[in-house]
Amino acid sequence: MRPQSTRAPERTAPPRTGVGFATSLAVHGRRPALVTGSAVLSYDGLAALVAQARSDLGDGHELVGLRPSPTLEFVVAYLAALAGGHTVLLSRDEVLPRAYGASRGWAEGGFVPTGRTAPALHPDLRLLLSTSGSTGSPKLVRLSQANLDSNAGAIADYLGLTPADRALTTLPLDYCYGLSVLHSHLAVGASVVLSDLSVSDRALWDLARAAGVTSYAGVPYTFDLLDTAGWPEVPTLRTVTQAGGRLAPERVRAVAERGHREGWDLVVMYGQTEATARMAYLPPDLARDNPTAIGIAIPGGDLRLAPVAGQPAGVGELVYTGPNVMMGYAHGVTDLADGPGPDELRTGDLARITTDGLFEIVGRSSRFAKLFGQRLDLDRLETLLTLGDHEIACAESADATRLVVALAGDPDPLAVEEIATMAAATTGLPPHAITVVPVPAVPRLPNGKVDQAAVSRLRLRTESAPERSATESLTALYGAVLRRQQVRPHDTFAGLGGDSLSYVELALRLERRLGRLPADWPERPIGDLAGLAPASPVRRSRWVALDTSIVLRAAAIVMIVGSHTNLFVLLGGAHVLLGVAGANFARFHLGSEAGARGRNITRSLARIAVPTAVWVSAVCLVSGEYGWRNVLLLNDALGSRRWQEPEWHFWFIEVLVYVTVAAGLVTAVPLVAAWERRSPYWFAVGLVVTTLVPRFWATSTGYGGDVIHSSLFVAWLFAGGWAAVRAEHAGHRLLLSLLLVLGVHGLFDDPTREATVVLGLLVLVWLPTVPVPRLAVGALGQLAGASFSIYLTHWQVYPHLEDRWPLGGLLASVAVGILAWRAMDLVTRSVPRLGHRSAGYRALCNLRTTR
C-alpha cells in the first residue's frame, strides 16, 4: 500500500540542504577520492570539479536527469546536483526524465537546460530511483537528503569503513546497492575505483590489485561469474559484501569459508530501494554458522515482525523503521511535491527470528519476487504476459534463482518463445534466469487460488521452453566447437579456452542464430547471448568482420607456399606469423593462473612438436632427407649457422617452439608475472627492446651466420605481437609501430620483403578485425585452420610440380595439408586428454596464429 503523504506547502518553502557526503568533500583534503585507470583524483580536486559544475545550476530547485556510468564525469555531475540541493533522477535512457519533466541534463562536460520547466519539487527531495522491480511501471522511489546521509553513515558504521578503504565498482550506479558503495565511501573519506569492466574480465582484477582495492560488492550472479571465471587474488582485499537477492545457504557458507582462508570477510546484507539501500546485515563472524540469516538491523534502524494471517507462530511480515525509509513513491509528476510519509516500511517478506536473535527470510507475504536485485510485481507481470487463450502464472523459483512462468493450455513453441522473450524484455532478467513451463493447467489450491508453491517448483521436462532451449542449444554449440564436455550457461568463450579458429567457427554459427553479434560476445555468458535470439530470421550481411589473425594466417601460408613453388615471389609471411604467435600467447595463455598456464603451454608445444617429429621421421625413413636434429627440432641450436637445405626447412617451427618455451619460463617467475600483470604493455615493450638487441648486434657487427631464420635474432617479432595485444590506445600503438618498423628496416636487404613484413605487423597492431566477403569466409577458415599442416607437409609436395605447373604445386600443397589437418583432428578427437579443452588439432596451431 502506498504510504500516506502530505502535500508540501505551496507558499514559502524551507531552504534546501545539500547532501552531506557531497558538500563535505573538501574536508578530506588531499586524500584520494576516485581512481580511474592509473589516475587518482584527490578530495580537494573532486571538490573543485564539483563546485565548478554546481555553479552551472544556479539557485533554483532543478530536476536533473542523469545517465549513470562509472566515470569521473558522471560522479562529478551527480555530486554537484546533490551538493546544490537539487533533485537527481537517474535513468539509462530519456524516457523517465522526459516523463517527469527533468529541467536539466548533462552534455559535453556541463549541465544543459532541456527546455522543460522544472516541476514542483519538495525541498527535501534529492534522489529519484526506479524501484528495483521493472515491470513497465514508471514508479519512482523518492529519497531525501536525510535518507541518503543516514544510510551512507550506517553502512560505513557497520562495515567499519575508514579513509584507508578503497572500493571497486562492480555494480551499476543506478542500482541502489551500487550507489550505496559510492555514498558510504565518500561519507568517510575513503576512495572508489571506477570501472565498467565485468567481474569475469581479468583486466578488472589487474586494476584492483594495482589500485590496492579493499572491498567489492556482489549480487548472487556476481558469485556465479566468479565461480566460472575464477576467483581473483587481491592481496589488499578486506571485505566482500553480498546483497541484491538471496544467495543459497551453501553458497554463503562456501564464500565465507573462502574469505576465511584468504583473509577477507563476507558481509551478507539485506535491503530495498525503498530503504535507500540497506536495512540489515549479518556480522561476518556469523556467516558460516548462520548462512540462512539476513542478520540484524543496521545502526539507527529497527526490525520487527508484524502478524500475518495464516502463517505459523513466530513468522510474520518483516517491517523496518529508520531514517532511511523513503519519502514515498512517485507515480507521476505531481507526486514530486509530496512530503515524506511514515518512516516505517513493510517489506513484503515473511521472516522469523532465530534462537541467536537473527532475522531470517522464509518467504513472501505479497505477490512480489526478488531476483538478481530486481523486485518484480508478479501480478502486473502476469497481466503484461497474458497471451491469447493461454492462462499464465508467475512465481519465484523455490531456490530463489529463477522466474518461473507457468503457461497453461497446449502452447506451440512459437507461443512459448514469445512469452520468454516478453518476460526477459519486461523484467530485465537475463534469459537463463527465466523458465517458461508449458502445463495442462495452472496449479491451484482447493480455494481456487493459484498454488504459488507448486508453480515455484515447476521445472522443464523437455526442451520446449525457448529461453531454455536457446540456452541449451548454445551451450551444446559451444561444447561441440570447443570440444568441452561440460558447458554451463554462465560460461564464456574466453573462459572456456577459445582460440582464433574456434572463434571464427563459433562467431559465424552464432551470427546465423542471433544476427549481428555484439563486439564483446567472447566475454559474455552464454545465457546472456541466448537472450539476443530474434523472434524471426534475420538477413545476414554479405560482409563479415574476421579476426585479423585469421586473415593474416591464411594470407601468409599462401604467400609461403606460392613463393616456394615459384608461382610468385612474395616473401615474409612466416615472419608475420611469428608476430601473430606472440599475440596469441599474450591473449590466450597469460590470462591463466600459473599452474594452468604451464600445462596449457606444454600441451600447445606438444601439439606442435609431436606431429612435426612424426612427419619428419616418416620422411626420414622413406627418403633419408632429414637428420636427427630435424626430428628433435634442434637444428637451430646444434646445426649449421648458415642456411642449408633441407636442414633449415623447419626453421619457423623451431623458432616458434624456442620462443614459446622462453616466454613460458619467464612468465613462470612470480616476480616477473606480477610485473607483467601490473604493466602489461610496458612489460611487452620492454621485451621488444630487449630482444631487438641481438638483432641489431648481428647486423652491425657483420655476423656471418643466418640472421633472419634464427630464434635469437627474430624473437623480437614474437614480442612485438605480444605487445600488440597489450596496446590500449593510439599512443601505445604508435610507439610499438615505430619499434617494429625500426626492427624490420635493413633486416632482409630486400625492400619488398621488408614492406610485406611491416604491413603485416602494422595490420596486427592497428586492426583487430578485417572485413571480408561472407563467401570467402569458408576458404579463409580452411586455409587458416590447416596452415600449420600445410607448412609442415608442403616441402614434400610442391617440388613435384613447381617446374611444370606452379599453381598446381600450390593447390596440391594446400590439399595435402588440409587432409593432414583433418586426419590429425580425428586423432585428437579420439584422445580425450588431448581433445578435452580445445578444438583438437586446430589448437596446435593456436599458439602461433591467433591474435
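None of these values were measured; they are calculated from a predicted model. (Residues numbered from 1 in each chain as written. Predicted model: local features only at pLDDT ≥ 70, side-chain atom pairs only at ≥ 80, totals over all residues. Heavy atoms only, no water.)

Focus: the overall build of the protein chain
Thought 1: The secondary structure content of the protein chain amounts to 30 helices and 27 strands.
Thought 2: In the protein chain, once contacts between residues fewer than 6 apart in sequence are set aside, the share between residues at least 24 apart is 70%.
Thought 3: About 35400 Å² of surface is accessible on the protein chain, with carbon and sulfur atoms providing 57% of the total. (Helix = DSSP H or I, 4+ residues; strand = E, 2+ residues; numbered from the N terminus. Contact = heavy atoms within 4.5 Å. Areas by Shrake-Rupley, 256 points an atom, 1.4 Å probe, with all protein chains shown as cover.)

A word on the sheet that holds strand E12 (residues 239–242)
Thought 1: Spatially, E2-E1-E10-E9-E11-E12-E13-E14-E15 is the arrangement adopted by the nine strands of the open sheet, whose pairing is mixed. This sheet does not close on itself; its edge strands, each paired only once, are strand E2 (39–42) and strand E15 (296–297).
Thought 2: Two elements, strand E1 (residues 32–36) and strand E10 (residues 191–194), share three bridges in a ladder whose sense is parallel. Considered in E10, the bridge of Val-35 is made with Val-193.
Thought 3: Along the sheet, helix H3 (residues 72–83) makes contact with E1, E2 and E10, crossing E1 at roughly 145°. (Pairing = 2+ DSSP bridges. Axes fitted to C-alpha atoms, helices over the stretch in contact; angles between N-to-C directions.)

Quick look at the packing of aromatic side chains
Thought 1: Tallied over the full model, the rule gives 20 aromatic pairs.
Thought 2: Every member of this aromatic cluster is reached through a ring pair, and the members are Phe-585, Trp-675, Phe-683, Phe-718 and Trp-722.
Thought 3: The positively charged end of Lys-139 is found above the aromatic ring belonging to Tyr-329, 4.3 Å away from the centroid.
Thought 4: Against the face of Tyr-177 rests Arg-278, its NZ or CZ located 4.9 Å from the ring centre. (Phe/Tyr/Trp six-rings, centres within 6.5 Å; stacked < 30°, edge-to-face > 60°. Lys NZ or Arg CZ within 6 Å of the ring centre and 35° of its normal.)

A word on the confidence of the model for the protein chain
Thought 1: Averaged over all residues, the pLDDT of the protein chain equals 84, while 85% of them reach at least 70.
Thought 2: The secondary-structure element of the protein chain with the lowest mean pLDDT is helix H30 (residues 842–849), recorded at 32, while E10 shows the highest, at 98.
Thought 3: In this model residues 535–539 is a low-confidence stretch, pLDDT under 50, and it forms two contacts with partners more than four residues away in sequence or in other chains.
Thought 4: Low pLDDT, under 50, characterises residues 829–851; the predicted model gives this stretch 102 contacts beyond four residues in sequence or across chains. (pLDDT = per-residue confidence, 0-100.)

Considerations on helix H2 (residues 43–54)
Thought 1: With 12 residues, H2 should reach 16 Å at 1.5 Å per residue; the first-to-last C-alpha distance of 16 Å fits that figure.
Thought 2: For H2, the set of buried residues is Tyr-43, Leu-46, Ala-47, Val-50 and Ala-53. With its buried residues spanning 130° around the axis, H2 presents them on a single face.
Thought 3: Elements in contact with the buried residues of H2: E1, E2, H3, strand E5 (104–107), strand E6 (110–113) and helix H6 (176–188). (Expected span 1.5 Å × (residues − 1). Buried < 20%, exposed > 50% of the residue type's maximum accessible area, 1.4 Å probe, protein only. Arc of directions from axis to C-beta.)

Notes on the packing of helix H16 (residues 548–564) against helix H27 (residues 774–794)
Angle between the axes and distance between the axes: these two values describe a pair of packed helices.
Thought 1: It is at 8 Å that the axes of H16 and H27 come closest, and there the two elements cross at 40°. Of the possible angle classes, the one that applies to H16 and H27 is oblique. Of the two possible hands of crossing, H16 and H27 adopt the one that is left-handed. Touching Ile-550, Arg-553, Ala-554, Ile-557, Val-558, Ile-560, Val-561 and His-564 of H16 are Leu-780, Leu-783, Ala-784, Gly-785, Ser-787, Ile-790, Tyr-791 and His-794, all from H27.
Thought 2: Among the residues making up the contact of H16 with H27, the classes are represented as 11 nonpolar, four polar and one charged. (Parallel < 35°, antiparallel > 145°, perpendicular 65-115°, else oblique. Left-handed = near helix turned anticlockwise from the far one by under 90°. Nonpolar A, V, L, I, M, F, W, Y, C, P; charged D, E, K, R; others polar.)

Regarding the environment of Ala-433
Thought 1: Relative to the helices and strands, Ala-433 resides in the loop between helix H11 (413–427) and strand E25 (434–439).
Thought 2: In the structure, Ala-433 is positioned 212 residues away from Tyr-221 in sequence and 10.0 Å away in space, judged by C-alpha atoms.

Topic: the sheet that holds strand E17 (residues 316–321)
Thought 1: Taken in spatial order, the four strands line up as E16-E17-E19-E20 in an open sheet, and their pairing is antiparallel. Only two strands of the sheet have a single partner each, and these edge strands are strand E16 (302–307) and strand E20 (359–364). If you compare each strand with its neighbour and ignore which way they point, the axes differ by 50° on average.
Thought 2: Sheet topology places strand E19 (residues 344–353) next to E20; five bridges connect them, and they run antiparallel. Residue pairing in the sheet places Ile-353 in a bridge with Phe-359 of E20.

Notes on a nonpolar patch on the surface
Thought 1: Side chains of Leu-567, Trp-805, Leu-807 and Leu-811 sit close together on the surface and give an oily, nonpolar patch of about 380 Å² of accessible area.
Thought 2: Residue placement: Leu-811 occurs in helix H28 (residues 806–829). (Patch = residues over 30% accessible without salt bridge, like charges linked within 9 Å, V, L, I, M, F, W, Y side chains within 5 Å. Salt bridge = Lys/Arg side-chain N within 4 Å of Asp/Glu carboxyl O.)

Digging into the pattern of salt bridges
Thought 1: Taken as a whole and judged by the stated rule, the model has 13 salt bridges.
Thought 2: A salt bridge links Asp-206 to Arg-202, with the shortest nitrogen-to-oxygen separation between them at 3.4 Å. Separated by four residues within a single helix, Asp-206 and Arg-202 lie in helix H7 (residues 202–211), roughly one turn from each other.
Thought 3: When its relative accessible area of 12% is taken as the criterion, Asp-206 is described as buried.
Thought 4: The class for Arg-202 is partly exposed, based on a relative accessible area of 24%.
Thought 5: One continuous salt-bridge network, built from bridges that share partners, spans Arg-202, Asp-206, Arg-209, Glu-676 and Arg-726.

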